[in-house]
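Analysis of the macromolecular model
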Amino acid sequence: KQLIDCTGNASVVGLAGFERLREKTRQPGTLIYRLGGYDLPSIDMNALQAKLVAARKSGALKPTDINGSIAGFLGKGGESGNHIPGADSSTSETHSATNILGRQSLLRVVRFLKEEPAFALMNIERLQTETGIRETFRIIGETQITHEDYISGRVFADAVAHSFYPIDLHYEGGVTPKHLTEGIVPTIPLRALIPKASKNLLVAGRCLSSDQLANSALRVQASCMAMGQAAGVTAALAARTGTTPLQVSLGDI
């Protein structure tokens, strides 16, 4: 009786014929991994940084393979220190292509570092199974959460969840998080989970109705779990009472 789209890409909403938003320039993805087996104090970081610059110029490394300085990258074992431009999971083909690009980036980094004696025993300690995707499609909802709504902590009349993450818009050259003011706790309204003019249809996750800046904060796991709980409860109540999500009592939710 009720349908919830948790694809992250608003795939079901698109299949149902509703309009979706997609930015011309989307945030890059990231393949998260951790490198180990090297001794940081023994590495000449200035010399290695110079080699990094040369490798970028020659094409052996892409500028997005290692974000920032080599010292910062190695200090955290790589972790989320790369960007995969054009990352897209909206179809199986683009998702596969994105995963290939992520692993190619890692391979370039490993080959670059292995040329140095200090990395002879380096190994990949941890590797995520997929390249993380930050952004694809979003719905056009009954309401849209804007950047101003988010950073001001607007309390929507139909708020069903909270968020907390800083504005976290990634670009090919890096990311500059903008933290919330102390005491500000953004809210997520039910109407942002409902595609405009739809009935018996909800979304949960990063594809909620929001502008790009607000979405850069709303897309994280804790917010997605809260939206999932709210959407699930709303759908269950709507099915039980024979109504559509917008008609369910907020108090009951």
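The rules behind these values
- Residues numbered from 1 in each chain as written.
- Predicted model: local features only at pLDDT ≥ 70, side-chain atom pairs only at ≥ 80, totals over all residues.
- Heavy atoms only, no water.
- Helix = DSSP H or I, 4+ residues; strand = E, 2+ residues; numbered from the N terminus.
- Polar contact = N/O pair within 3.5 Å; in protein donor to acceptor, adjacent residues only side chain to side chain.
- Contact = heavy atoms within 4.5 Å.
- Pairing = 2+ DSSP bridges.
- Axes fitted to C-alpha atoms, helices over the stretch in contact; angles between N-to-C directions.
- Salt bridge = Lys/Arg side-chain N within 4 Å of Asp/Glu carboxyl O.
- Buried < 20%, exposed > 50% of the residue type's maximum accessible area, 1.4 Å probe, protein only.
- Expected span 1.5 Å × (residues − 1).
- Arc of directions from axis to C-beta.

Details of the side chain of Asp65
Structurally, Asp65 is set in the loop between helix 2 (45-58) and helix 3 (70-75). At a separation of 2.8 Å, a polar atom in the side chain of Asp65 contacts the main-chain amide nitrogen of Lys62. Among the polar contacts made by the side chain of Asp65, one reaches the side chain of Ser105 at a distance of 2.7 Å. Residue contacts for Asp65: discarding those within four places in its chain leaves Tyr33, Phe73, Gly81, Asn82, Ser105, Arg108 and Val109.

Here's the deal with the sheet that holds strand 4 (residues 78-79)
One open sheet holds the 3 strands; their spatial order is 4-3-5, and the pairing between them is antiparallel. A single partner strand is all that each edge strand has here, and the edge strands are strand 4 and strand 5 (123-127). Pairing of strand 3 (residues 33-36) with strand 4 involves 2 bridges; the strand directions are antiparallel. Paired with Tyr33 across the strands is Glu79, a residue of strand 4. Relative to strand 3, helix 4 (residues 92-114) is tilted by about 10 degrees, and along the sheet it contacts strand 3 and strand 5.

A few points about the pattern of salt bridges
In the structure shown here, the tally under the stated rule is 11 salt bridges. In this structure, the salt-bridge partner of Asp88 is Arg22, at a minimum N-O distance of 2.8 Å. Taken together, the residues span a long stretch of sequence, with Asp88 in the loop between strand 4 and helix 4 and Arg22 in the loop between strand 2 (20-21) and strand 3 at a distance of 66 residues. Under the relative-accessibility criterion, Asp88 is labelled buried at 6%. Residue class for Arg22 comes out partly exposed when judged on its relative accessible area of 31%. Ionic pairing is found between Lys51 and Glu116, a salt bridge with its closest N-O pair at 2.7 Å. Residue Lys51 is found in helix 2, and its partner Glu116 is found in the loop between helix 4 and strand 5; the two are separated by 65 residues along the sequence. The class of Lys51 is partly exposed, set by a relative accessible area of 40%. It is possible to trace a salt-bridge network through shared partners that takes in Arg34, Glu79, Glu125 and Arg126.

Digging into helix 7 (residues 221-241)
If you check helix 7, its first and last C-alpha atoms are 30 Å apart, about what 21 residues at 1.5 Å a residue would give, namely 30 Å. Along helix 7, the residues that are buried comprise Ser223, Met227, Ala230, Ala231, Thr234, Ala235, Leu237 and Ala238. The arc enclosing the buried residues of helix 7, seen along the axis, measures out at 165 degrees, which places them on a common side. Those residues of helix 7 that are exposed and angled more than 90 degrees off the buried face are Gln221, Met225, Gln229 and Arg240. Here the buried face of helix 7 lies against strand 1 (3-5), strand 7 (159-162), strand 10 (187-189), strand 11 (201-203) and helix 6 (212-218).

What to know about the environment of Leu208
Structurally, the position occupied by Leu208 is in the loop between strand 11 and helix 6. With 202 residues separating them in the primary sequence, Leu208 and Cys6 have C-alpha atoms 9.7 Å apart.

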